[in-house]
Amino acid sequence: MFTRHRNLLFSVAYRILGSAADAEDAVQDAWIKWSAADRSQVAQPKAYLTRIVSNLALERLRSTRHQRETYVGPWLPEPILTGGDVAEAATVTESVSMAMLVVLETLSPLERAVFVLKEVFDFSHAEIAEAVGRSEAAVRQAVHRAREHVRARRPRFTADRSRQREVTERFFAAATGGDVNALMELLSPDVTLWTDGGGKVRQALRPVVGASTVAAWFAAIGTVTYQGVEPADMNAELAQINGGTGIVFSGPDRVIATVTFDFDADGRISAIHNVANPDKLRAVADGTVHDIAEQRTR
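The model shown is predicted, which means the values in this text are computed figures rather than measured ones. (Residues numbered from 1 in each chain as written. Predicted model: local features only at pLDDT ≥ 70, side-chain atom pairs only at ≥ 80, totals over all residues. Heavy atoms only, no water.)

(A) Seen up close, the pairing of strand E5 (residues 244–250). Counted residue by residue, E5 has 7 buried out of 7 residues, so it is predominantly covered. Along E5, one buried face is formed by Gly244, Gly246, Val248 and Ser250 and the opposite face, lined by Thr245, Ile247 and Phe249, is buried too. Inspection of the sheet shows strand E4 (residues 235–241) paired to E5 by 7 bridges, in the antiparallel sense. Paired with Ala239 across the bridge in E5 is Gly246. Counting the residues that bridge the hairpin from E4 to E5 gives 2 residues, and of these Asn242 lies at a positive phi of roughly 50 degrees. Sheet topology note: the E5/strand E6 (residues 255–263) ladder contains 4 bridges and is antiparallel. The residue bridging Ile247 from the neighbouring strand is Val259, located in E6. (Buried < 20%, exposed > 50% of the residue type's maximum accessible area, 1.4 Å probe, protein only. Helix = DSSP H or I, 4+ residues; strand = E, 2+ residues; numbered from the N terminus. Pairing = 2+ DSSP bridges.)

Have a look at this one:
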């Protein structure tokens, strides 16, 4: 029973935490609680398990909050490889995108948990109240605050998925070929590049803004040594990352970075998220593909 719902439990925990490693820990802790439970008293195992992992993820998010506030440079979510029929689950896909996870990071832990449970997994207010240990009235208020906050900060445009993939493929070709002019054509004039090295590897500690600066940054990848890897030893490939097409950069013995994109109304790249902190690349390096299209059904 637990194995049947394990992917769903990871999906819930990952959206609440933004960290694949922490989500896996929450799922493992849920298994321990499930093993000790009197299952004869559990009428709906799926809902029961989801409530357990939600509560565990919320506790873990609260305990790690200070670490994120003192993080070196921009904090970005830990990327994951994704699969499943995401083309028919746009809302679910958006909920696990880098852009949305960055927005969710600005919520309080409680607001983040209730937003995920209500908006993505369609829990009732009563079920959420039980999961997070709050009154139903408090949950309703938290959901309302979270919705307003997310609505004000989420990306306002969603380009067609085929257009997104086309632009990503063109960006991939231009970046690996060092073609600054081709990159400029794909970038919004006020594009922003966020780089997360976590103090472990050298990255920009502040956002890089502007098409010409961002284009030059990526065009140089194929011409200079990057994190100790010579250009000739650098490998780049397209991959499904957090529900969209992204790029994985690798050296001979390790994954070096992932790159994902947001798009404006014209289908140009408006934001780029570059994760290079080696501690955040393990989920991509181990090759596990997560089916994030599954939603809770009633």
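Structure shown, so let's carry the discussion forward.
(B) Geometry of the side chain of Ser11. For Ser11, the location among the structural elements is in helix H1 (residues 2–17). At a separation of 2.9 Å, a polar atom in the side chain of Ser11 contacts the main-chain carbonyl oxygen of Asn7. Setting aside residues no more than four positions away along its own chain, Ser11 makes contact with Phe121, Asp291 and Ile292. (Polar contact = N/O pair within 3.5 Å; in protein donor to acceptor, adjacent residues only side chain to side chain. Contact = heavy atoms within 4.5 Å.)

(C) The arrangement of helix H8 (residues 136–153) in detail. The end-to-end C-alpha distance of H8 is 26 Å, a good match for the 26 Å that 18 residues give at a rise of 1.5 Å each. All buried positions along H8 are accounted for by Val139, Ala142, Val143, Ala146, His149 and Val150. Angular distribution of buried residues about the axis of H8 spans 135 degrees; they occupy a single face of the element. Considering only its buried residues, H8 is in contact with helix H5 (98–104), helix H6 (109–120) and helix H7 (125–132). (Expected span 1.5 Å × (residues − 1). Arc of directions from axis to C-beta.)

(D) Local environment of the nonpolar core. By size, the foremost hydrophobic cluster in this structure holds 50 residues, and its most contacted members are Tyr14, Val53, Ile80, Leu104, Val114 and Val132. In terms of residue count, H1 provides more of this core than any other element does, 9 residues in total. If you look at the next biggest cluster of nonpolar residues, it comprises 32 residues, including Val191, Val214, Ile256 and Phe261. (Core = buried A, V, L, I, M, F, W, Y, C linked by side-chain atoms within 4.5 Å.)

(E) Region of the structure containing unusual backbone geometry. Unusually for a residue other than glycine, Asp122 sits at a positive phi of about 60 degrees. Position of Asp122 among the secondary structure elements: in the loop between H6 and H7. Residue class for Asp122 comes out partly exposed when judged on its relative accessible area of 38%. For Asn242, which is not a glycine, the phi torsion comes out positive at approximately 50 degrees. Position of Asn242 relative to the elements: it lies in the loop between E4 and E5. Exposure remark for Asn242: the relative accessible area of 4% places this residue in the buried category.

(F) Broad picture of the environment of Ala215. By the secondary structure assignment, Ala215 is in helix H11 (residues 211–219). Put simply, Ala215 and Ala174 are 41 residues apart on the chain and 9.4 Å apart in space, counted from C-alpha to C-alpha. Each residue touching Ala215, except ones within four places of it in the same chain, is listed here: Val180, Leu183, Met184 and Leu187.

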